[in-house]
Amino acid sequence: QVQLVESGGGLVQPGGSLELSCAASGTIFKINTMGWYRQAPEKERELVAVIAGSGSTDYADSVKGRATISIDNAKNTVYLQMSSLKTEDAAVYYCNADIYYNKDQTLDAWGRGTLVTVAS
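Scope of this entry: the structure provided in the associated data block.

**Some points on the sheet that holds strand E3 (residues 18-26)**
- One open sheet holds the 4 strands; their spatial order is E1-E3-E8-E7, and the pairing between them is antiparallel. Each having just a single partner strand, strand E1 (2-7) and strand E7 (67-72) make up the two edges of the open sheet. In this sheet, adjacent strand axes meet at a mean angle of 15 degrees when their direction is disregarded.
- Where E7 and strand E8 (residues 77-82) come together, 6 bridges link them in antiparallel fashion. Each residue of the ladder has a partner; that of alanine 67, found in E8, is methionine 82.

Take a look at the structure:
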């Protein structure tokens, strides 16, 4: 079993920046991917950014150039830095991890979410 604990959400002013972190714990053989999704009220959950254990990354078009995702494999922790925040970035941000719990099998885990509010 794997647990994900997110931190770093809160109130940010438009144009401001934030850093989210998500630490995975439990039976972890190797991280396949970790990423961030977000869900605004009355909208579907959407991908923000994802990073492979190898370091390759992918970003939603809406955050490209404003977001940086990074991973510390030794700590099983993924970080999301975002700048130039817009009101449309406000959402509950969820951490996701696809993790090998042995050399052959993976599981998919979700954090409980952290609320990001963008307002002046």
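Having put the structure on the table, let's press on.
**So, the nonpolar core**
- Core analysis: the largest hydrophobic core is formed by 32 residues, its most contacted members being Leu4, Met34, Trp36, Leu80 and Tyr93.
- Residue assignment for this core shows that the elements contributing at least two residues are E1, E3, strand E4 (30-39), strand E5 (46-52), E7, E8, strand E9 (91-100) and strand E11 (114-118).
- With 5 residues, E9 is the largest single contributor of residues to this core.

**A closer look at unusual backbone geometry**
- Although it is not a glycine, glutamate 42 adopts a positive phi angle of roughly 65 degrees.
- One can find glutamate 42 in the loop between E4 and E5.
- Take glutamate 42: its relative accessible area is 87%, and that puts it in the exposed class.
- One non-glycine residue, asparagine 76, lies in positive phi territory at about 50 degrees.
- Structurally, asparagine 76 is set in the loop between E7 and E8.
- Since its relative accessible area comes to 19%, asparagine 76 is described here as buried.

**Describing the pairing of strand E10 (residues 106-110)**
- The pairing of E9 with E10 spans 5 bridges and is antiparallel. Bridge assignment links asparagine 96 to a residue of E10, and that residue is tryptophan 110.
- Adjacent in sequence and paired antiparallel, E9 and E10 are bridged by 5 residues.

**Some words on the state of the cysteines**
- This model, assessed by the stated rule, comprises 1 disulfide.
- Here cysteine 22 pairs with cysteine 95 through a disulfide, and the sulfurs are 2.1 Å apart. The disulfide joining cysteine 22 to cysteine 95 has a torsion of about -85 degrees about its S-S bond and is therefore left-handed. Of this pair, cysteine 22 sits in strand E3 while cysteine 95 sits in strand E9, placing them 73 residues apart in sequence. No difference in accessibility class separates cysteine 22 from cysteine 95, as the two residues are buried.

Cut-off values and rules
- Residues numbered from 1 in each chain as written.
- Predicted model: local features only at pLDDT ≥ 70, side-chain atom pairs only at ≥ 80, totals over all residues.
- Heavy atoms only, no water.
- Pairing = 2+ DSSP bridges.
- Helix = DSSP H or I, 4+ residues; strand = E, 2+ residues; numbered from the N terminus.
- Axes fitted to C-alpha atoms, helices over the stretch in contact; angles between N-to-C directions.
- Core = buried A, V, L, I, M, F, W, Y, C linked by side-chain atoms within 4.5 Å.
- Buried < 20%, exposed > 50% of the residue type's maximum accessible area, 1.4 Å probe, protein only.
- Disulfide = S-S within 2.5 Å.

Spatial relationships are all this shows, so hold off on functional conclusions.
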